[in-house]
Amino acid sequence: MLCVVGQCNMKEMIDKTQLAEEKQEFPGFPYEPYSIQIDFMNALYRFLDKGGVSMLESPTGTGKSLSIICSALQWLLDRNEKLNNNSGSSDKVVVVGEEVDESEPDWIRNFTVNSHNDAKTNSKSPFRVKKHAKEKRDFDARKEEEVSIRKQEAGDEANEQEFCLEEYESEEDSSSKRKPVGGGFYTSSEDEEDGSDEEEEGGGGGLKVFYCSRTHSQLSQFVKELRKTVFAQRVRVVCLGSRKNMCINEDVLKLGNVGRINERCLDLQKKKTSLASKKKKNLGTNVKGGRTKSSSCRCPMLRKQSLQREFKAEILQQEAMDIEDLVQLGREMRTCPYYGSRRVAPAAELIILPYQSLLSKSSRESLGLNLKNSVVIIDEAHNLADTLLSMHDAKITISQLEDVHSSIESYLGRFQNLLGAGNRRYIQTLLILIRALLKPLATTSDGNLNSGNSGLDSGNPSKSKPCGGCSMAINDFLFSLNIDNINLVKLLAYIKQSNIIHKVSGYGERVAMLQKDPTAREEMSKLSSFRAFSDMLVALTHNNGDGRIIVSKMNSSTSGQKGGYIKYVMLTGAKLFSEVVDEAHAVVLAGGTLQPIEETRERLFPWLPSNQLQFFSCSHIVPSESIMPIAVSHGPSGLSFDFSHSSRSSTEMIQELGLLMSNLVALVPEGVIVFFSSFEYETQVHTAWTNSGILRRIMKKKRVFREPRRNTEVEAVLRDYKEAIESQRGAIMLAVVGGKVSEGINFSDGMCRCVVMVGLPYPSPSDIELLERIKHIEGLGDTESSKPCLTLVDDSYYSGDVREGFGVLRSCRRRGKEYYENLCMKAVNQSIGRAIRHAKDYSAILLVDARYANDPAKRTSHPSSKLPKWIKDHLIYSTKGYGDVHRLLHQFFKHKNVQKSS
């Protein structure tokens with residue numbers, strides 16, 4: 001059942017029937033809008049007014065971001081105006097977002113008003129050091145110095161005792177306090193020790209619009225579009241990002257790895273809190289809101305809370321700032337932009353943030369985000385279901401398990417006589433659990449998985465295969481390891497409340513430092529291992545049918561790891577997404593290609609009837625004569641293109657593709673982008689072209705660039721690619737479907753006059769996780785969805801053989817196959833959508849594979865049926881041969897050159 005909070009209040013204020021019949025005006029749109037943009041904005045406005053779930057589809061390059069901004073924020077302002085008008089007779093006075101009771105004494109109200117007026121006055125010039133502010137900072141500095149001296153004196157007396165656990169209450173005495181842990185071993189309050197423990201000035205109860213997208217670059221692009229409108233000044237905006245993108249502590253930032261940066265940031269605060277708790281009497285700490293708060297933070301960017309307040313005031317005073325602006329401001333003020341921006345969220349009306357921060361309940365809680373009665377807009381939503389599921393996966397390797405086991409054993413050996421009975425019991429339980437998890441990853445003398453002792457495959461030991469995988473339901477996995485009697489919820493509560501992870505890892509790091517162990521693995525911090533272990537325990541508390549446990553023995557020569565891993569794969573996102581839908585007034589999914597919408601509905605909000613899902617789709621702003629989509633079935637020498645898994649690696653196929661590209665670079669002006677199915681295949685093709693001399697022929701006409709595997713190198717390659725095109729020589733980019741180039745980067749005008757899609761980029765059927773998702777989706781809507789096809793849910797070892805994967809696909813009836821095809825065509829649509837970015841742009845689109853050219857009438861499921869309508873309606877399915885393709889392209893670019901010159 002769909003539950004939309006706040007919808008009944010909207011009915012009282014707005015005659016929605018009348019609104020649906022009227023055309024809204026959008027004066028905030030910075031240009032003369034196209035008709036499809038007006039239609040899009042009107043549809044979004046109506047959907048927001050009505051509430052519930054809606055999907056809006058607008059091809060890339062049609063000004064979707066501007067349309068979202070001008071419609072959603074216009075609706076926000078209109079709605080706030082109506083609320084203010086209707087609340088005119090209220091007995092309460094609103095002051096800077098707070099409600100003040102009229103019955104309060106005047107001196108209390110005056111104090112509140114004056115305090116906020118002072119804050120507002122000071123915020124107008126935060127960089128100007130005022131007299132009273134300077135005096136306060138000097139006082140704070142002297143106080144910090146005194147505290148630091150007292151800390152050092154106390155620290156001289158400290159030894160290993162600081163790592164000893166305090167006595168833990170018995171579970172019977174404190175069971176009412178324990179709750180399942182939502183994720184990892186950091187709770188929301190723990191994550192925010194330094195960032196949000198001060199009370200916020202300015203209320204946070206007003207209506208908000210949450211806009212989220214997949215990448216930081218997409219969020220920055222959204223802010224750039226926002227600045228083109230009047231809303232950048234009229235709406236309070238804040239952009240939230242990750243620590244990796246916003247940290248300015250060089251010692252933390254140089255760690256590079258996202259996980260290690262997060263751990264180090266939290267670790268600095270954790271140790272501070274622990275120390276403050278132990279020595280609060282000696283160090284003069286204070287208690288606020290029931291929590292102990294230390295006088296300083298070990299991170300220099302968070303020591304002065306006054307700077308954090310000034311940072312917040314500056315953000316609210318400025319027009320919309322993106323992540324780069326916030327980082328620059330943080331550097332100038334010498335205060336943390338990551339936590340500083342989070343302070344602004346309660347006062348902001350538009351909050352711009354990544355997918356993960358909004359879709360994860362634990363992240364929302366740590367950020368203090370309240371979705372009640374607000375609007376959630378999820379852009380680039382074409383892969384939302386899979387993204388949501390992947391956020392809740394958990395994985396731990398055999399190396400991490402061994403690391404956690406040795407650390408806890410070492411700790412127990414040192415402190416056993418000092419620990420109480422409760423701590424010893426839980427630590428022993430942890431060791432039993434870890435040893436059980438290690439069993440299925442052990443190997444026999446012949447290199448096979450040791451399944452005999454664990455019971456994972458005791459029913460059919462002949463199925464055990466080296467370097468394979470095993471898929472099981474959670475309960476079956478726990479039973480097979482004889483750990484089903486362990487109460488994981490209480491164990492997680494113990495981990496959280498006792499702080500054992502930081503005690504154990506801190507002691508282990510101290511020992512390693514004192515011993516100066518040269519074999520210590522710097523790249524694998526103990527906190528990383530403990531985090532993975534805790535996340536896996538959380539995964540094992542999920543409902544039995546929500547996901548699958550995969551046990552995989554990996555070959556160390558190919559994986560670079562010591563052994564295998566255990567992974568939890570979440571399979572259903574409906575419950576997770578319902579948490580967002582139930583809170584928000586309206587949830588909007590936007591994207592360039594959202595088809596097929598029925599699959600999205602079944603996977604994310606199956607409780608919503610199809611006729612209640614609000615959907616809008618518009619055509620492209622580019623005229624039909626500006627695109628030339630062709631299905632290329634044959635190469636220049638007449639060989640039929642077949643880039644299926646069994647044929648794509650043949651020498652003949654790769655050489656024929658090289659001949660095609662040799663012709664295209666002489667025919668197509670400026671830039672050409674070629675998309676391959678994977679980095680491995682792109683490397684194989686590039687190597688073959690180099691050895692055969694084809695690459696030299698291509699380079700005589702255009703410079704050749706290759707998409708790098710490392711995201712940090714992409715920007716430099718794109719810059720050189722652009723310079724090569726502007727130099728009039730032209731360039732060709734060899735890119736990868738699903739890579740950085742195919743997602744969120746615009747190649748307008750000469751950057752891409754022709755996009756070439758090589759084959760159909762189906763994901764590899766050798767991926768056991770993919771097969772589990774396919775099997776689950778195959779059963780959607782069935783009465784026994786937990787086991788849709790008994791032949792497919794065989795808890796056996798899987799060798800990763802492609803033929804076995806294709807066997808699973810052939811066993812599917814409809815939904816599983818369709819999902820597999822949709823994965824492929826969504827990737828195709830995202831890639832080819834990079835080419836056309838505005839109304840006057842033009843490009844050719846070549847789909848190179850005979851399967852694109854087959855008669856769609858003869859196939860029940862043809863690839864072209866899942867292409868965007870603006871391409872599908874103009875696709876040339878069949879030609880007599882490459883000669884026709886060459887002629888069509890020659891005429892197309894000749895016509896465009898004439899138009900350009902005139």
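Everything below is about the structure printed above this text.
Report follows, based on the coordinates. All figures in this text were calculated on a predicted structure; none of them were measured in a lab.

Parameters and conventions
- Residues numbered from 1 in each chain as written.
- Predicted model: local features only at pLDDT ≥ 70, side-chain atom pairs only at ≥ 80, totals over all residues.
- Heavy atoms only, no water.
- Pairing = 2+ DSSP bridges.
- Helix = DSSP H or I, 4+ residues; strand = E, 2+ residues; numbered from the N terminus.
- Axes fitted to C-alpha atoms, helices over the stretch in contact; angles between N-to-C directions.
- Salt bridge = Lys/Arg side-chain N within 4 Å of Asp/Glu carboxyl O.
- Buried < 20%, exposed > 50% of the residue type's maximum accessible area, 1.4 Å probe, protein only.
- Phe/Tyr/Trp six-rings, centres within 6.5 Å; stacked < 30°, edge-to-face > 60°.
- Contact = heavy atoms within 4.5 Å.
- Expected span 1.5 Å × (residues − 1).
- Parallel < 35°, antiparallel > 145°, perpendicular 65-115°, else oblique.
- Left-handed = near helix turned anticlockwise from the far one by under 90°.
- Nonpolar A, V, L, I, M, F, W, Y, C, P; charged D, E, K, R; others polar.

### Quick look at the sheet that holds strand S5 (residues 237–239)
Within the open sheet, the 7 strands sit side by side as S5-S8-S4-S9-S14-S1-S15. Their pairing is parallel. Strands at the two margins of the open sheet, each flanked by one partner only, are S5 and strand S15 (614–617). Between one strand axis and the next, the sheet turns by 15 degrees as a mean value, whatever way the strands run. As defined by bridge partners, strand S4 (residues 209–213) adjoins strand S8 (residues 350–354) across 5 bridges and the pair is classed as parallel. Considered in S8, the bridge of Tyr211 is made with Ile352.

### Re the pattern of salt bridges
Tallying each qualifying case throughout the model produces 29 salt bridges. Across the salt bridge formed by Glu598 and Arg601, the nearest N and O atoms sit 2.6 Å from each other. Within this pair, Glu598 and its partner Arg601 are both found in helix H29 (residues 597–604), separated by 3 residues, close to a single helical turn. Taking the relative accessible area as the measure of exposure, Glu598 reaches 33% and is therefore partly exposed.

### Focus: the pairing of strand S14 (residues 586–591)
Of all the 6 residues making up S14, 6 are buried; the element is thus mostly covered by neighbouring parts of the structure. Of the two faces of S14, the one holding Ala586, Val588 and Ala590 and the one holding Val587, Leu589 and Gly591 are both buried throughout. With 6 bridges connecting them, strand S1 (residues 52–57) and S14 associate as parallel partners. Across the sheet, Met55 pairs through a bridge with Leu589, a residue of S14.

### Some thoughts on the packing of aromatic side chains
Aromatic ring pairs are reported here in terms of the distance separating the ring centres and the angle at which the planes meet. Tallied over the full model, the rule gives 17 aromatic pairs. Ring centres 4.7 Å apart and planes at 40 degrees place the aromatic pair Tyr411 and Phe415 in the tilted group. Separated by 4 residues within a single helix, Tyr411 and Phe415 lie in helix H21 (residues 398–415), roughly one turn from each other. Between the aromatic rings of Tyr426 and Tyr494, the centroid separation amounts to 4.5 Å while the plane-to-plane angle is 10 degrees, which identifies the pairing as stacked.

### Considerations on the environment of Asp476
Residue placement: Asp476 occurs in helix H23 (residues 474–480). Separated by 72 residues in the primary sequence, Asp476 and Arg548 have C-alpha atoms spaced 9.9 Å apart.

### Quick look at the sheet that holds strand S19 (residues 731–736)
Taken in spatial order, the 6 strands of this open sheet run S16-S22-S20-S17-S19-S18, and their pairing is parallel. The open sheet is flanked by strand S16 (627–632) and strand S18 (703–706), the only strands paired with a single partner. The sheet shows a mean angle of 15 degrees between the axes of neighbouring strands, taken without regard to direction. Of the strands in this sheet, strand S17 (671–676), S18, S19 and strand S20 (754–758) are in contact with helix H31 (residues 679–692), which crosses S19 at around 140 degrees.

### Considerations on the side chain of Ser65
With respect to the helices and strands, the residue Ser65 is situated in helix H4 (residues 64–86). On the basis of relative accessibility, which here comes to 18%, the residue Ser65 falls in the buried class. If we ignore the near neighbours within four places in the chain, the residues touching Ser65 are Phe222, Glu225 and Asp379.

### Overview of the pairing of strand S11 (residues 469–472)
Neither face of S11 is exposed, since Gly469 and Ser471 on one face and Cys470 and Met472 on the opposite face are all buried. In terms of strand pairing, S11 meets strand S12 (residues 547–552) through 4 bridges, oriented antiparallel. The residue bridging Ser471 from the neighbouring strand is Ile550, located in S12.

### Remarks on H21
Taking 1.5 Å of rise per residue, the 18 residues of H21 would be expected to cover 26 Å, and the 26 Å separating its terminal C-alpha atoms lies within 8% of that figure. For H21, the complete set of buried residues consists of Ile398, Ser399, Gln400, Leu401, Asp403, Val404, His405, Ser407, Ile408, Tyr411, Leu412 and Phe415. On the buried face of H21, the contacting elements are strand S10 (394–397), helix H22 (421–438), helix H25 (500–515), helix H26 (526–539) and strand S13 (565–570).

### Overview of the packing of H25 against H26
Following both chains from N to C, one finds H25 and H26 inclined at 150 degrees, their axes separated by 9 Å at the closest point. For the element pair H25 / H26, the angle class is roughly antiparallel. Crossing angle aside, the handedness with which H25 passes H26 is right-handed. Here Ile501, His502, Val504, Ser505, Gly508 and Glu509 of H25 come into contact with H26, specifically with Lys526, Leu527, Phe530 and Ser534. The residue makeup of the contact of H25 with H26, split by class, is 4 nonpolar, 4 polar and 2 charged.

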